[in-house]
Amino acid sequence: MTEYLRIDLETEKWECRVCDHVIAPAAGNYKEGLLVHNRDPREIHPPVIDPAKYRYTFCPDPEWVRILEFCCPKCGTQIETEYATPGHPPLWDMQVDVPALKAQWASRGPAMLPDAGPAVVPGRGHAH
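Residues numbered from 1 in each chain as written. Predicted model: local features only at pLDDT ≥ 70, side-chain atom pairs only at ≥ 80, totals over all residues. Heavy atoms only, no water.

An unreviewed UniProt entry lists the protein chain under the name Acetone carboxylase subunit gamma, with Paenirhodobacter hankyongi given as the organism.

See below:
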């Protein structure tokens, strides 16, 4: 589904592609099974002009936006990042019709098993 997230169609669960950790039911929001770090946006986007002199400094205002980092609870791989309004629940960005997906792959036959994609090697291509 993404570089670090997959669905096991047999168990109908979201899994981390780095460590195979089962995250959450595939019928639900995978973010509910991940650790969340609520970042101050000024840590990511520092002010461009002096905040002591100016209210608006070309960095996101933490009263209006937060940055959520979603990580695998087993290996710490960052799976998703989201800019959100404070107080708003995390977005449900991938809602999968699991029965339809299973039927699609079943109709392709065993010769066309889903490719898990390139191997994800811990320490390369993602941050912990």
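Looking at the overall build of the protein chain
What counts, and what does not: Helix and strand assignments come from DSSP, with helices taken as H or I runs of at least 4 residues and strands as E runs of at least 2, each series counted from the N terminus. Buried, partly exposed and exposed residues are distinguished by accessible area as a fraction of the type maximum, computed with a 1.4 Å probe on protein chains only: under 20%, between the cut-offs, and over 50%, respectively. The criterion used for residue contact is that any of the two residues' heavy atoms lie within 4.5 Å. Each accessible area is a Shrake-Rupley estimate made with a 1.4 Å probe; only the visible protein chains count as cover when residues are assessed.
When you go through the protein chain residue by residue, the secondary structure sums to two helices and six strands. Secondary structure elements in the protein chain, listed N-terminal to C-terminal, are β-β-β-β-α-β-β-α. Burial status across the protein chain gives 32% buried among its 128 residues. Taking all contacts inside the protein chain whose residues are at least 6 apart in sequence as the whole, residues at least 24 apart take part in 46%. Working note: accessible area of the protein chain is about 8,300 Å², and carbon and sulfur atoms make up 57% of it.

Details of helix α2 (residues 98-108)
Just so we agree on the cut-off: We define a polar contact as two N or O atoms separated by no more than 3.5 Å, with the added condition that, inside protein, one atom must be a possible hydrogen donor and the other a possible acceptor, whereas residues neighbouring each other in sequence contribute only through side-chain atom pairs.
Between the side-chain oxygen at the start of α2 and the backbone nitrogen of Ala100 there is a gap of 3.2 Å, and the oxygen is on Asp97. Just downstream of α2, Gly109 is the residue with a positive phi angle, here 85 degrees.

So, the packing of aromatic side chains
For any two aromatic rings, the description comes down to two numbers: the centre-to-centre distance and the angle of the planes. The condition that has to hold: Any two of the Phe, Tyr and Trp rings considered here, Trp counted by its six-membered ring, make a pair once their centres fall within 6.5 Å; the pair's planes then place it as stacked at under 30 degrees, edge-to-face at over 60, or tilted in between. Whether a charge sits over a ring comes down to the Lys NZ or Arg CZ being within 6 Å of the ring centre and within 35 degrees of the ring normal.
Throughout the structure, instances matching the rule amount to one aromatic pair. In this structure, Arg108 packs its charged tip against the face of Trp105, placed 4.2 Å from the ring centre.

Focus on the pattern of salt bridges
Threshold: We count a salt bridge whenever a side-chain nitrogen from Lys or Arg sits within 4 Å of a carboxyl oxygen from Asp or Glu.
Scanning the entire structure with this criterion turns up nine salt bridges. Lys31 is paired through a salt bridge with Glu82; the nearest N and O atoms lie 2.4 Å apart. On the criterion of sequence distance, the pair formed by Lys31 in the loop between β3 (22-25) and β4 (35-39) and Glu82 in strand β6 (residues 78-84) is long-range, its members being 51 residues apart. Classification of Lys31 by relative accessible area gives buried; the value is 5%. Taking the relative accessible area as the measure of exposure, Glu82 reaches 5% and is therefore buried. Members of the salt-bridge network, linked through shared partners, are Arg6, Glu15 and Asp20.

Some thoughts on the side chain of Lys31
Side chain to side chain, Lys31 and Glu82 meet in a polar contact 2.4 Å long. Of the polar contacts made by the side chain of Lys31, one reaches the backbone oxygen of Leu91; its length is 3.1 Å. The residues contacting Lys31, other than those within four sequence positions of it, are Phe70, Glu80, Glu82, Pro90, Leu91 and Asp93.

So, the nonpolar core
In plain terms, the rule: Here the nonpolar core consists of buried residues drawn from Ala, Val, Leu, Ile, Met, Phe, Trp, Tyr and Cys, with membership extended through side-chain atoms lying within 4.5 Å.
Grouped together as the largest cluster of nonpolar side chains are 22 residues, with contacts concentrated most on Leu5, Trp14, Ile23, Tyr30 and Ile79. For this core, the secondary-structure elements that each account for two or more residues are β1 (5-8), β2 (13-16), β3, β5 (66-71), β6 and α2.

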